[in-house]
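# Working through the structure, step by step
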Amino acid sequence: MAAIITHPFLAACRREKTSYTPVWLMRQAGRYMEEYRKLRTQHDFLELCKRPDLAAEITVTPVERLGVDAAILFADILLLLEPMGVGLEYTKGDGPVIHNQVSSRTHVEQLLEFDPQEALPFVFEAVRKSCAALNGKVPLIGFAGAPFTLASYLIEGGGSRNYLKTKRLIYSNPGAWRGLMERLSSLTAKYLNAQIAAGADAVQLFDSWAGCLSPEDYERFVLPHTHATIANVTPGVPVIHFSTGTGGFLNSLRAAGGDIIGVDWRVNLDAAWDYLGHDVGIQGNLDPAALLAPPREIRRRVAEILRRAGGRPGHIFNLGHGVLPETPVENVIAMVEAVHELSSR
Ligand code: 1CP
């Protein structure tokens, strides 16, 4: 246990000095990895999520293969939506689909109530199995979707380009929107706390699509609900609050909470950190596409981000979004090595 407490990832979450900058990658367990693609030929995605033995294996493999400083649970943000009775499906090539979309207050009221602990036992078993397999080598990050990003999937029925259905509901039916966000906010906090109770050492909240909003809309319609989620996370457990495309309202992301704010590559890391204030940590922010470049160029870009972080405590190196399926695994390894080597102090 002592090894975990002093691990660089958790020290960085607390903005303590570390001997090098810790690094992990969003989607480090995914399709760019041969081991994962092989498992996927035998099992569909939801089956992998619901088999704790396989989910734990997928969680641990990248830690061994890449030398990263944290593991992230293999699961998906949309698993929490399935017990609401909305009909979740992962279709080949097209990503996730929600069959019964939400477009009115009646729909919000029809969403089934449940306790995450009882409805998603396989997630918590995967956390326990992952922790056992990691055996204190690196911490385990649990995660959930933030209320806005989850709501957008419920309303759009999948990914979206412009989030028009979501915005229409916000603008034309603010009561239904508030009801939906309150439900998602309390559910998400319970879900994260159950992952923590099962052994997760830190949690990340993914607000992947918040960047489609104006600063004013984020502040009025999202911030209070994300704030409520984060405020209800078990005290003392680090929270990473991640989003993309939100460089124009990082102050509001900060106000919503989190020990570490995750930023993408559309903003320079030093400018983002100045904007956030140096009394909060930062995670990021290499463009995932940079991992398609030759290793020498990857190293140059890693050095540039470390220079912008300025050796200040509280930087966790990551991509600005998930690893792309086209990424060569050797390039990921080169990135992790470059971060460790160039940040050693
Ligand atoms: O094998 C496959 O075809 C499934 C691909 C896949 C994988 C590997 C999906 C479907 N989800 C995942 C795992 C996953 N999802 C993890 C595992 C841990 C890791 O290694 O990081 C995590 C943290 C997520 C989180 C997630 N799911 C997010 C937030 C992060 C992000 O990328 O912004 C989102 C938006 C989802 C929804 C989702 N699930 C799957 C896909 C392809 C998507 C995105 C679809 C879209 O663009 O709307």
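Residues numbered from 1 in each chain as written. Predicted model: local features only at pLDDT ≥ 70, side-chain atom pairs only at ≥ 80, totals over all residues. Heavy atoms only, no water.

### A closer look at the site of the ligand
- Close to the ligand lie 23 residues; Arg 27, Arg 40, Tyr 153, Ser 208 and His 321 are nearest.
- The separation between an oxygen atom of the ligand and a polar main-chain atom of Gln 28 is 3.2 Å.
- Between Ser 208 and the ligand, the recorded distance is 2.5 Å, taken from a side-chain N or O atom to an oxygen atom.
- Surface burial for the ligand is 87%, taken as the share of its 880 Å² of free accessible area covered by protein chains. (Near = heavy atom within 4 Å. Polar contact = N/O pair within 3.5 Å; in protein donor to acceptor, adjacent residues only side chain to side chain. Areas by Shrake-Rupley, 256 points an atom, 1.4 Å probe, with all protein chains shown as cover.)

### Some details on helix α5 (residues 52-66)
- In this model α5 runs 22 Å from its N-terminal to its C-terminal C-alpha over 15 residues, within 8% of the 21 Å that 1.5 Å per residue would give.
- Those residues of α5 that sit buried are Pro 52, Leu 54, Ala 55, Ala 56, Ile 58, Thr 59, Val 60, Thr 61, Pro 62, Val 63 and Leu 66.
- Residues of α5 that are buried make contact with α3 (34-42), α4 (45-50), β1 (71-72), α8 (121-134), β4 (140-145) and α17 (329-343).
- In the segment just after α5, Gly 67 is the residue with positive phi, at about 75 degrees. (Helix = DSSP H or I, 4+ residues; strand = E, 2+ residues; numbered from the N terminus. Expected span 1.5 Å × (residues − 1). Buried < 20%, exposed > 50% of the residue type's maximum accessible area, 1.4 Å probe, protein only. Contact = heavy atoms within 4.5 Å.)

### A look at the pairing of strand β2 (residues 88-91)
- Here 4 bridges tie β2 to strand β3 (residues 95-98), and the two strands are oriented antiparallel to one another. Residue Tyr 90 lies in a different strand from β3, and its bridge partner there is Pro 96.
- Hairpin remark: β2 followed by β3, antiparallel, with 3 residues in the connecting loop; positive phi at Gly 93, about 80 degrees. (Pairing = 2+ DSSP bridges.)

### Points about the packing of aromatic side chains
- Applying the stated criterion across every chain yields a total of 8 aromatic pairs.
- Measuring from centroid to centroid gives 6.0 Å for Phe 124 and Tyr 191, while their planes differ by 75 degrees, and the two rings are edge-to-face. Of this pair, Phe 124 sits in helix α8 while Tyr 191 sits in helix α11 (residues 174-198), placing them 67 residues apart in sequence.
- Taking the centre distance of 5.6 Å and the plane angle of 75 degrees together, the rings of Phe 206 and Phe 242 count as edge-to-face. Residue Phe 206 is found in strand β5 (residues 202-207), and its partner Phe 242 is found in strand β6 (residues 239-243); the two are separated by 36 residues along the sequence. The exposure classification of Phe 206 matches that of Phe 242, with both residues buried.
- Connected via pairs of aromatic rings, a cluster forms that spans Tyr 36, Phe 45, Phe 74 and Tyr 90. (Phe/Tyr/Trp six-rings, centres within 6.5 Å; stacked < 30°, edge-to-face > 60°.)

### Observations regarding the environment of Tyr 153
- By the element assignment, Tyr 153 lies in helix α9 (residues 147-156).
- Take Tyr 153: its relative accessible area is 10%, and that puts it in the buried class.
- Between the C-alpha atom of Tyr 153 and that of Val 97, which follows or precedes it by 56 residues, the distance is 8.2 Å.
- Setting aside residues no more than four positions away along its own chain, Tyr 153 makes contact with Ile 77, Leu 78, Leu 81, Pro 96, Ile 98, Gly 158, Gly 159 and Trp 209.

### Quick word on the pattern of salt bridges
- In this structure the tally under the stated criterion is 16 salt bridges.
- In this structure, the salt-bridge partner of Glu 113 is Arg 183, at a minimum N-O distance of 3.8 Å. On the criterion of sequence distance, the pair formed by Glu 113 in the loop between α6 (105-110) and α7 (116-119) and Arg 183 in helix α11 is long-range, its members being 70 residues apart.
- Residue Glu 113 is classed as exposed on the basis of its relative accessible area, which comes to 66%.
- Here Arg 128 ties to Glu 125 by a salt bridge, and the two come within 3.1 Å at their closest N and O atoms. Remark: Glu 125 and Arg 128 occur in helix α8; sequence separation between them is 3 residues, near one turn of the helix. (Salt bridge = Lys/Arg side-chain N within 4 Å of Asp/Glu carboxyl O.)

### A short note on the side chain of Thr 327
- Tracing the backbone through its elements, the reader meets Thr 327 in the loop between β9 (315-319) and α17.
- Of note is the side chain of Thr 327, whose polar atom sits 2.7 Å from the backbone oxygen of Leu 324.
- Those residues in contact with Thr 327 that lie beyond four places of it in its chain are Tyr 32, Leu 291, Leu 292 and Val 332.

### Details of the sheet that holds β6
- Ordered by their spatial adjacency, 7 strands build an open sheet running β1-β4-β5-β6-β7-β8-β9, and the pairing between neighbours is parallel. Edge positions in the sheet fall to β1 and β9, since each of these pairs with one other strand and no more.
- Summarising the sheet, β4 and β5 pair through 5 bridges and their orientation is parallel. In the strand pairing of β5, Ile 141 is matched with Ala 202.
- Helix-sheet contacts for α11 involve β4 and β5, and the interaxial angle to β4 is about 165 degrees.
- This element, helix α16 (residues 295-309), spans β8 (281-286) and β9 of the sheet and lies at about 150 degrees to β9. (Axes fitted to C-alpha atoms, helices over the stretch in contact; angles between N-to-C directions.)

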